[in-house]
There are 4 protein chains.
Amino acid sequence: MASGRMEFHADSIMQHANFSFVLPNDFIIEEIKNPKHYDRPAKSLILLHGLTGTDTDWLFGGVAQEMSKQYNLAVFMPTTGNSFYLDRGYEGGNFASFVGEELPDYIRDTFGYCLTREDTIIAGLSMGGFGAVHTALQFPDTFSACIALSSAFVIREVAELGKRKNSIMPEKMVRDVFGDPKTLLESDRNPEVLYRRRKAEGKEIPKIYLAIGREDSLYGVNQEFRHFLEEEQADFFYEDGPGIHSWDFWNEYRPRGLEWALSRG
Amino acid sequence: MASGRMEFHADSIMQHANFSFVLPNDFIIEEIKNPKHYDRPAKSLILLHGLTGTDTDWLFGGVAQEMSKQYNLAVFMPTTGNSFYLDRGYEGGNFASFVGEELPDYIRDTFGYCLTREDTIIAGLSMGGFGAVHTALQFPDTFSACIALSSAFVIREVAELGKRKNSIMPEKMVRDVFGDPKTLLESDRNPEVLYRRRKAEGKEIPKIYLAIGREDSLYGVNQEFRHFLEEEQADFFYEDGPGIHSWDFWNEYRPRGLEWALSRG
Amino acid sequence: MASGRMEFHADSIMQHANFSFVLPNDFIIEEIKNPKHYDRPAKSLILLHGLTGTDTDWLFGGVAQEMSKQYNLAVFMPTTGNSFYLDRGYEGGNFASFVGEELPDYIRDTFGYCLTREDTIIAGLSMGGFGAVHTALQFPDTFSACIALSSAFVIREVAELGKRKNSIMPEKMVRDVFGDPKTLLESDRNPEVLYRRRKAEGKEIPKIYLAIGREDSLYGVNQEFRHFLEEEQADFFYEDGPGIHSWDFWNEYRPRGLEWALSRG
Amino acid sequence: MASGRMEFHADSIMQHANFSFVLPNDFIIEEIKNPKHYDRPAKSLILLHGLTGTDTDWLFGGVAQEMSKQYNLAVFMPTTGNSFYLDRGYEGGNFASFVGEELPDYIRDTFGYCLTREDTIIAGLSMGGFGAVHTALQFPDTFSACIALSSAFVIREVAELGKRKNSIMPEKMVRDVFGDPKTLLESDRNPEVLYRRRKAEGKEIPKIYLAIGREDSLYGVNQEFRHFLEEEQADFFYEDGPGIHSWDFWNEYRPRGLEWALSRG
C-alpha cells in the first residue's frame, strides 16, 4: 500500500519536521471489502502520537494502513516529541501551529489533500487525544471533527503542580511544555478556554468524539471534560468501555470514532 | 530541505516500488543564490540510477537536493534493480512502462507534478543514461527532454553476445534483461529503432543531452549513438571532456545538462 | 520500539538490498507481559514477504514489532521482488543465496545476530512461505527451523506450465523465475529435491512448521507437501483451520508457529 | 553503500530518537582510493547537525558516505532539534546525555561500534560544532577527539541576553535551551567550565579541532574559544581560511579535521 515518510523545514517549530503517511491511491477499489467510502474523494486525517511516541507508532503498533484503506483516508502522522501539541509562544516552539496550520498547509500544497474543513479530521491517543481536541479548537477553520482516544486532559493536574502528584513528566519538563501553572487554566492551552471563545465568536466548532477505558487512569479527567461539553451543549459523542491505556482499547474504538466522525461530515 | 521516500504498488512491475524525492517547496525563495528558475512553477525530473544502484544514490553520492533547489525541480528517483529500464513484455516485468508511464501518472495524482510534457524531464547516469534516452523515446508524450550522462549504450555489444566480451553482467542476466540477442537490434529495446519510429510517426521527439568522459570505457558506444543522432539530424547536444565513470564527471556535467534542457524547454 | 530500515550492496543480487528490522533492545524487560523468552539472548528471525510484497509488509499489515517484543527476536525483513527466493544461477540473480547466506552473514557482521544455527529461524507467508522452506533446506547450516504460512508450493503447477492454468504470474515471468519447466521437478528449486539431498548427506535438517487455511486456494498444494514430509518421516508440524489467504489467518498462526519453533530449539 | 535510518526509545530524552548511519562494511577494500585507514578496524564518528537541522543533513548536503568510505568510519547522525545538545536537567530533556552516553551505549550494544574511547570521535557544524566540543568535554571517557566546524560558541552572547542582540533564536527559546542566563557562565553548559573541571580532575581530555571561515559571523566567538584553549595549553588545533557559514567551507575543512583527529588517535 502507498506509504512513506518525509521531512520538510517547518517555520513554526524551526526544525525539519518528519511525518509518515499512508495514501489510499494504489489499489483496485473493487477489492475493498466495504467500498462505501469510495463514492467520495479521499478525506484527510492528521493522526497524533502519545507521550514518548513518534510518527511511526500508528504504522507499527496501530493500523494506519487499514484506516486509510477501509475509510478512504489520506493519513498523515507528524512527530513532535513531548510537546503536547501546544504553542510555546515563540517561532521555533509553536507545535500547535505546526500541527494545525503549517502541516495542513504543506500537505495541501504538496499532496492536494486537506483541501477543505469538511475534508479534514484530526485524531490522536493519550497526549495525542488531548492534542486532537486542543488543535481542532485552536484551528476550527481547518478541522471539521476530532477523535480523542484515552486523552490526557491534564490541564487541571498541571495547574496544581506541586499539590497533586504528577506521575509521568518531570516538573521542569511540565513547565517547559505548559508554561506557568498559575495562569494555565485561563490560558489558550486549556481546551475549555478555546471552546468558550469559539462559541462566543459564533464559529462553527469541530465535532468531538471521546472514548476512554474504564480502567484507564485517565478515566477521571475524561469525565471532567465530558461534563464540560455536556454543560456547553456541544456537538460531541462520548463512549467508554472496559479497557486500559493500550492498543486493545484503541483498536476497538478507533473505527467507532471514524464511523461517527465520517457519518457526521 | 523537503525530501522523503515512499512506496506504492505498481502494476507494471507487480511490486511495491520505492522511490525517493526532493521537493523545492519549503524554503524562502529570496535565499536562493540564482532565483531565475523561480519565475515559473516547479518542473519535474525523473532521475535514474546506474547498474547495481538504488534510489538513494543521487541523494548520497550526488546532489539531488542541490539540483532541486537551484533549478526549482521536483526530483523523483525510482529504483528498479538492474532492469536497464526495459519492458520485459509481461505485466510484472515492465520497467520502461513503470518509469515512463505508471510512475509519472502516480506522481501527477499524488503530488501534482509531471503535469505536462514541457514540465517533465528524465535524466540518468550509466545504465540510467541509457534508460533516460530509451524511456524518453518510448514515451515521447511524457517527456520533453532527457539528460544522459556516461550512458551504457550497450545494445550492439549485447547483440553480439558470445562474440564480444561482456565485462560486467553475467550472460544469463543479459538474456533476462535484453531478451534474445539475435532480434535485439530490430526490437523496441534499441533506442535507435524507437527514434526512427517516432520520426516516422511525426511525433515531437524529446530533446537529448549527451555527455561522456574521454577516459570512460563507454566513450566508444557514446560516439556511435552521437553519430546516429547526427545522421538523423536530431535535436540534441553532445559534449565530452576529461574524465572517467565517476561522480567527479557527473557533478560537472549534471548542471550543464540541466541548463541546456531547461533553456530549450 | 527499536526499528529501522537499511540497505547495503549485496553481491549475490548485484544490487543495493533494502531490509527493515525490529530489535528487542530498547525497553524494560519487566514491562513485557510474558518475559519467559528473556532468560536467553535474543534469537534472530528472517521474515519473508509474499508475491508483489515488500520489506515493510510485516511492519504495516502485520506485527513484526509485537513478534520481536513478545518472543525476544531480532527480526529482519528483506525485499527481493517476485523472485520466489530462488537462485537464478548467476551472480546478480541469486536470491536464495542472498536470503540464506549473504544477508545472515551481513547481519552477523553488522548487528551481531544470526550467530548460530540454533539462534536463527526463517519464516514467511505465501511466496515467502515457499521461500522459508526452500531457503532453510538449501542452507541447513544457517537455520534451525522454518515457519511457512499459506505457502505457495507451486513447483508442480509451474512444471506443467501450459497444461494447468496459472492464475497469477505471466508465463514469461514464471520462466524468468523458475527456469525451464521441463527440468524443474528434478532441480534444486524443488524443496523436495533439497530435502532428499540433505537426508542423503546425513545433514541436520531444519524443523518445519506448516499452516494453511482450509478455504485458501493453496490448500491443495500444502497437502501435497505435507504428505511428502510424512512419507519422509520429517521433523515437522502441520496444522490447518478455517481461513483464506489473509492477515486474519496469518496473525492467528504466526504465534503458533513461533511457539512451536522456539520450543523445539 | 551500507546506510540506513533507525529509531529507538531513548530514556534521556524520553522520546523515540531517530538517527541515520553509514557503515563501511559492504565494499571491496581494494576499490578504495586511499586504503591506509583499512589496516585497522573501523572507528566510529558521531556527527551532529546545526540549528534547524536534522539527521539527514550530512547525508544530503554533506558527504557522510564519502567520510565513511575514505576514512573507514561508522558514522552515526542523531537528530535532537534545536537543543544545542545540552542537558535540561530532567529525564526527558537531557540531550547531552543522549548524544554522549545513551546513543554510544546503544550503538555499542546494537552494532558493536563505539567500543573504546580511542575508537570514538564526535564532530559537528555550527550548533553541532558547539555540541561536539561540549559533549566531548562532558563525556571525556567516551570520546578521544572532537571536530568543531564553524561552531556556535554562543555562551557569552546568551549570558548577556537582553544586552547583546541575539539574531537567530527567540528569547524564550534561548531560556528553554540554556536556562537562566545569569548563572550560565558558571554552569556545566559552558564548555570552558567543563574543560577546567576535567583538568582539575586529572582526566584525559579529548583532543579538539577547530575551523572557522574568516567571513563567518561566528568568527569572533571562535577566536574567544581559541584563546581560552591557548591559555589552558590544551591539545588542540585551530585553523581558519576564507569562507562563510556554508557547505563549501565545511567540505573543505571536514577532511582536514578528520586527518588531524585520526593521526593523533
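Scroll up to find the structure this text is about.
Every value quoted in this text rests on a predicted model; they were computed, and no experiment measured them.

Enquirer: Account for the overall build of chain A, naming residues and giving values.
Expert: What chain A contains, in helices and strands, is 10 helices and eight strands. Counting across all 265 residues of chain A, residues that qualify as buried make up 68%. Relative to all contacts within chain A whose residues are 6 or more apart in sequence, the contacts with residues 24 or more apart total 70%. As presented, chain A carries roughly 9,700 Å² of accessible surface, and 48% of it is formed by carbon and sulfur atoms.

Enquirer: Lay out the side chain of R198(D) with the relevant residues and their values.
Expert: All names here are of chain D. By secondary structure assignment, the location of R198 is in helix α7 (residues 191-201). Residue classification places R198 among the buried positions, given a relative accessible area of 10%. Among the polar contacts made by the side chain of R198, one reaches the main-chain carbonyl oxygen of L137 at a distance of 2.7 Å. Among residues more than four places away in sequence, those in contact with R198 are L137, Q138, P140, K203 and I205.

Enquirer: Go over unusual backbone geometry, please, and point to the residues and values.
Expert: With phi around 50 degrees, S150(C) is a residue other than glycine that occupies positive phi space. Secondary-structure assignment places S150(C) in the loop between β6 (145-149) and α5 (155-159).

Enquirer: I'd like a description of helix α10 (residues 247-263) of chain A, backed by residues and values.
Expert: Since the α-helix turns once every 3.6 residues, residues separated by three or four places project in the same direction. All names here are of chain A. The end-to-end C-alpha distance of α10 is 24 Å, a good match for the 24 Å that 17 residues give at a rise of 1.5 Å each. Its axis deflected by about 25 degrees at Y253, α10 carries its strongest bend there, up to four residues before the proline P255. Along α10, the positions that sit buried rather than exposed are F249, W250, Y253, R254, G257, L258, W260, A261 and L262.

Enquirer: For the packing of helix α4 (residues 127-138) of chain D against α7(D), give the residues involved together with the corresponding values.
Expert: All names here are of chain D. The N-to-C vectors of α4 and α7 enclose an angle of 30 degrees; their axes lie 9 Å apart at closest approach. Regarding the angle of α4 to α7, the classification is roughly parallel. Judged by the sense of rotation from one axis to the other, the crossing of α4 with α7 is left-handed. Residue-level inspection shows F130, V133, H134, L137 and Q138 of α4 in contact with α7, the latter providing P191, L194, Y195 and R198. Taken together, the residues of the contact of α4 with α7 break down into six nonpolar, two polar and one charged.

Enquirer: For the side chain of S83(C), give the residues involved together with the corresponding values.
Expert: Mapped onto the fold, S83(C) is located in the loop between β4 (73-78) and α3 (95-111). Among residues more than four places away in sequence, those in contact with S83(C) are F95(C), M127(C) and V177(C).

Enquirer: Could you give me a rundown of the environment of D240(C), with the residues and numbers involved?
Expert: Residues and elements named next belong to chain C. Within the secondary structure, D240 sits in strand β8 (residues 236-241). Along the primary structure D240 and F225 are separated by 15 residues, whereas in three dimensions their C-alpha atoms are 13 Å apart. When residues no more than four places from it in sequence are discounted, the contact partners of D240 are I212, R214, Y219, Q223 and Y253. A polar atom in the side chain of D240 sits 2.6 Å from the side chain of Y238.

Enquirer: Just give me the short version of the nonpolar core, but keep the residues and values in it.
Expert: F84(C), F178(C), L210(C), F84(D) and F178(D) are the most contacted members of the largest nonpolar core, which has 114 residues in total. The next biggest cluster of nonpolar side chains, apart from the first, holds 113 residues, and it includes L86(A), V99(A), F153(A) and L229(A).

Enquirer: I'd like a description of the environment of F153(B), backed by residues and values.
Expert: Residues and elements named next belong to chain B. Mapped onto the secondary structure, F153 falls in the loop between β6 (145-149) and α5 (155-159). F153 sits 70 residues away from Q223 along the chain, and the two C-alpha atoms are 9.8 Å apart. Excluding its chain neighbours within four sequence positions, the residues that come into contact with F153 are F130, V133, L210, V221, N222 and F225.

Enquirer: Lay out the pattern of salt bridges in plain terms, naming residues and giving numbers.
Expert: Any two side chains of opposite charge can pair, on the condition that their charged atoms come close. Inspection of the entire model under this criterion finds 60 salt bridges over all chains. Between D141(B) and K203(B) there is a salt bridge, and its shortest N-O distance comes to 2.9 Å. Separated by 62 residues along the polypeptide, D141(B) in the loop between α4 (127-138) and β6 and K203(B) in the loop between α8 (191-200) and β7 (207-213) bring together distant segments of the chain. On the accessibility criterion, K203(B) (33% relative accessible area) is partly exposed. Salt bridges sharing common partners tie together R88(A), K172(D) and D176(D).

Enquirer: Which residues make up the packing of helix α7 (residues 191-201) of chain C against helix α8 (residues 219-231) of chain C, and what values go with them?
Expert: All names here are of chain C. Where α7 contacts α8, the axes come no closer than 11 Å and their chain directions differ by 10 degrees. Judged by the inter-axis angle, α7 sits roughly parallel to α8. Here α7 contributes P191, E192, Y195 and R196 to the contact with α8, which in turn contributes F225, F228 and L229. Classifying every residue of the contact of α7 with α8 gives five nonpolar, no polar and two charged.

Enquirer: Outline the packing of aromatic side chains, listing residues and values.
Expert: Any aromatic ring pair is given by two values, namely how distant the centres are and how the planes are angled relative to each other. Enumeration over the complete set of coordinates arrives at 50 aromatic pairs over all chains. Between F76(A) and F111(A) the ring centres are 5.5 Å apart and the planes differ by 55 degrees, which places this aromatic pair in the tilted class. Of the two residues, F76(A) sits in strand β4 (residues 73-78) while F111(A) sits in helix α3 (residues 95-111), which places them 35 residues apart along the sequence. Judged on exposure class, the residue F76(A) and its partner F111(A) are both buried. Here Y209(C) and F237(C) contribute two aromatic rings whose centre-to-centre distance is 6.2 Å and whose plane-to-plane angle is 15 degrees, an arrangement assigned as stacked. With Y209(C) in strand β7 (residues 207-213) and F237(C) in strand β8, the pair connects residues that are 28 residues apart, well separated along the chain. Here Y209(C) falls in the buried class, since its relative accessible area comes to 0%. Residue class for F237(C) comes out partly exposed when judged on its relative accessible area of 34%.

Procedures and definitions
- Residues numbered from 1 in each chain as written.
- Chains lettered and ligands numbered in written order.
- Predicted model: local features only at pLDDT ≥ 70, side-chain atom pairs only at ≥ 80, totals over all residues.
- Heavy atoms only, no water.
- Helix = DSSP H or I, 4+ residues; strand = E, 2+ residues; numbered from the N terminus.
- Buried < 20%, exposed > 50% of the residue type's maximum accessible area, 1.4 Å probe, protein only.
- Contact = heavy atoms within 4.5 Å.
- Areas by Shrake-Rupley, 256 points an atom, 1.4 Å probe, with all protein chains shown as cover.
- Polar contact = N/O pair within 3.5 Å; in protein donor to acceptor, adjacent residues only side chain to side chain.
- Expected span 1.5 Å × (residues − 1).
- Bend = angle between axes of the 7 residues up to and from the residue.
- Axes fitted to C-alpha atoms, helices over the stretch in contact; angles between N-to-C directions.
- Parallel < 35°, antiparallel > 145°, perpendicular 65-115°, else oblique.
- Left-handed = near helix turned anticlockwise from the far one by under 90°.
- Nonpolar A, V, L, I, M, F, W, Y, C, P; charged D, E, K, R; others polar.
- Core = buried A, V, L, I, M, F, W, Y, C linked by side-chain atoms within 4.5 Å.
- Salt bridge = Lys/Arg side-chain N within 4 Å of Asp/Glu carboxyl O.
- Phe/Tyr/Trp six-rings, centres within 6.5 Å; stacked < 30°, edge-to-face > 60°.

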